[in-house]
Amino acid sequence: MECLNDFARDIVRKFNVKGSISSLYRFGNGHINDTFFVELAENGETQTKRYLLQRINSNVFPRTNVLLSNVELLTEKLNTLNRKGLAKF
């Protein structure tokens, strides 16, 4: 497997986040996907921002575009229910 730091840096660059990686490690021990904890520190800020990154196993989910589309639809539905007061998070 590629270097964990290189993987995280590549992923973090794909998002509109500010700061440099101050902490990075594998999170949990899932059987299907790889999950990583990343903490970013912004210049001059004392607080850090924390993210969980998940790499989808394309052997298990070969059609990741369909999977992500389903996640988006579910998220939209849950947000609609929440706005209507029908779901609490």
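Everything in this summary refers to the structure shown in the same document. In this text the structure is predicted, and so the values were computed from the model without any measurement.

Here we take up the pattern of salt bridges. Side chains bearing opposite charge may pair, as long as their charged atoms lie close to each other. Taken as a whole and assessed by the stated rule, the structure comprises three salt bridges. A salt bridge links Asp-34 to Arg-26, with the shortest nitrogen-to-oxygen separation between them at 3.4 Å. For the salt bridge of Arg-50 with Glu-39, the shortest nitrogen-to-oxygen distance reads 3.0 Å. Of this pair, Arg-50 sits in strand E3 (residues 48-55) while Glu-39 sits in strand E2 (residues 34-41), and the two are eleven residues apart along the sequence. Here Arg-50 falls in the exposed class, since its relative accessible area comes to 60%. Glu-39 gets classed as buried once you look at its relative accessible area, which sits at 15%.

Another aspect to go through is the sheet that holds E3. Reading across from one edge, E1-E2-E3 is the order of the three strands in this open sheet, with antiparallel pairing throughout. Only two strands of the sheet have a single partner each, and these edge strands are strand E1 (20-26) and E3. On average, each strand axis in the sheet is tilted by 20° relative to the strand beside it, whichever way the strands run. Pairing between E1 and E2: six bridges, direction antiparallel. Note on E2: the bridge partner recorded for Leu-24 is Val-38.

Counted at 1.5 Å a residue, the expected span for helix H2 (residues 64-83) with its 20 residues is 28 Å, and the 28 Å between its end C-alpha atoms agrees. Two residues or fewer after H2 comes Gly-85, characterised by a positive phi angle close to 80°.

What counts, and where the lines are drawn
- Residues numbered from 1 in each chain as written.
- Predicted model: local features only at pLDDT ≥ 70, side-chain atom pairs only at ≥ 80, totals over all residues.
- Heavy atoms only, no water.
- Salt bridge = Lys/Arg side-chain N within 4 Å of Asp/Glu carboxyl O.
- Helix = DSSP H or I, 4+ residues; strand = E, 2+ residues; numbered from the N terminus.
- Buried < 20%, exposed > 50% of the residue type's maximum accessible area, 1.4 Å probe, protein only.
- Pairing = 2+ DSSP bridges.
- Axes fitted to C-alpha atoms, helices over the stretch in contact; angles between N-to-C directions.
- Expected span 1.5 Å × (residues − 1).

In short, shape yes, function no, at least from these values alone.
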